[in-house]
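What follows is each chain in one-letter form.
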Amino acid sequence: MRTSGVLLFIAYLGFISLGLPDAAHGINWPFVRTEFGVPTGWLGLVIAAGGVGYLMSSFSVGYLMVRFGVGWLLVISSLLVSCGLFGFYFSSSFIIFVLFSIVIGMGSGAIDAGLNAYAAEHFTTRHMNWLHAAFGVGATAGPIIVTTVLVSFSQNWRLGYAVLATILFVMAMVFIFSRHLWESDKHAPKKADTQADDTPAITQFQALKHPVIRFQIAFFFLYSGVEVGVGQWAFTVMTESRGISLASAGTWVAVYWGALAFGRAIFGFLVERFAVDQLLRLCLAGVVLGAFSFTMSATPYTSYFGLALMGFCAAPIFPCMISQTVTRVGKKYSVHAIGFQMSAAVSGAMTLPFLSGLIGGHFGLTSLTISFLFYAVLLFGLFHIILRRAS
């Protein structure tokens with residue numbers, strides 16, 4: 001339908017805009033911390049604050065969708081992200097900067113959960129995969145925009161946030177003009193897709209006792225910590241401890257996020273032709289190899305290779321592990337399991353980059369990269385434990 005095509009296009013734009021601010025902190029942080037006079041490891045506080053806001057809104061998105069509808073939820077959430085980014089521009093202290101990170105997290109969580117909830121009911125699985133790839137496009141464009149502003153305007157980190165804030169404000173206007181389309185009856189779930197499930201209900205406590213679910217919670221915690229942490233800290237590591245220029249470091253951080261988006265597009269086709277677990281095994285090994293290359297970094301090119309390899313190999317891990325949940329734990333447990341996994345992913349993205357930042361602040365930036373190599377090796381081991389427990 002024509003309207004479906006319009007909404008699908010807007011959904012793609014929404015996911016792209018959602019990814020824009022995610023990688024900006026990693027580029028701007030050396031200049032932000034210098035201006036506010038805070039330690040290097042305090043980037044983790046900014047990430048954690050955003051994660052708290054994200055959890056607050058994503059947990060309550062069901063109520064918010066019923067209360068306001070999808071259209072107004074997306075409008076309000078986009079405005080929150082835009083206001084938070086403008087707040088970064090005007091921040092006079094680090095405390096205010098952190099508080100605005102919570103605002104951005106609240107908006108991002110609602111956009112992410114709202115768009116995913118709507119797309120899960122109304123768009124095909126193929127488009128769901130591509131929507132998540134679109135997020136990677138935004139995460140790739142963010143560093144390019146911010147780096148361009150830094151290089152062109154005398155390292156003005158505030159202006160980069162203002163540019164992103166303007167883009168999110170425009171996205172909010174798009175959601176305003178399309179808000180009635182999101183509520184259209186044409187997009188209501190088909191009855192054929194809603195079938196009664198007579199299987200006995202499983203409580204959250206019972207689900208938590210499932211051994212595979214517990215290991216998968218740990219897996220998602222580690223995975224998101226690695227994905228977000230590498231993206232946030234790579235710029236600081238390359239510019240402050242390896243003498244790599246601002247332009248080159250910013251470009252290769254963008255390559256990391258771009259490889260994540262490109263990989264999701266490529267692996268979306270490959271999962272139909274090869275065994276999913278075998279692809280996951282190879283990709284996890286690739287993440288370990290990439291982390292090793294980035295950590296050792298004999299030359300700038302080994303840093304670049306490590307970033308690109310980690311981004312590409314990490315691409316299918318999150319969506320494929322989600323898609324395999326029903327197979328591994330069974331239909332009765334899968335709803336709770338997926339919820340636990342998403343919460344663990346957000347918690348890992350909040351916690352591990354902060355922990356690695358503390359390690360880097362005390363023992364040097366090389367130890368920070370070693371921490372990500374350690375997480376990657378743990379991920380590889382956890383995956384094989386999950387395979388054995390689920391078999």
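Cut-offs applied
Residues numbered from 1 in each chain as written. Predicted model: local features only at pLDDT ≥ 70, side-chain atom pairs only at ≥ 80, totals over all residues. Heavy atoms only, no water. Helix = DSSP H or I, 4+ residues; strand = E, 2+ residues; numbered from the N terminus. Buried < 20%, exposed > 50% of the residue type's maximum accessible area, 1.4 Å probe, protein only. Contact = heavy atoms within 4.5 Å. Salt bridge = Lys/Arg side-chain N within 4 Å of Asp/Glu carboxyl O.

Draft legend 1. Fine view of the side chain of R264. With respect to the helices and strands, R264 occurs in helix α10 (residues 246–270). Residue R264 is classed as buried on the basis of its relative accessible area, which comes to 12%. Setting aside residues no more than four positions away along its own chain, R264 makes contact with H132, A133, Y223, E227, A315, F318 and P319.

Draft legend 2. Representation of the pattern of salt bridges in the model. Tallied over the full model, the rule gives four salt bridges. When the shortest N-O distance is used, the salt bridge between R33 and E240 registers 3.0 Å. Taken together, the residues span a long stretch of sequence, with R33 in helix α2 (residues 24–36) and E240 in helix α9 (residues 211–241) at a distance of 207 residues. Judged by its relative accessible area of 17%, R33 is buried. A residue is classified by how much of its surface remains accessible, and E240, at 36% relative accessible area, is partly exposed. A salt bridge links R264 to E227; the nearest nitrogen and oxygen atoms lie 3.8 Å apart. Of the two residues, R264 sits in helix α10 while E227 sits in helix α9, which places them 37 residues apart along the sequence. Neither residue differs from the other here; R264 and E227 are each classed as buried.

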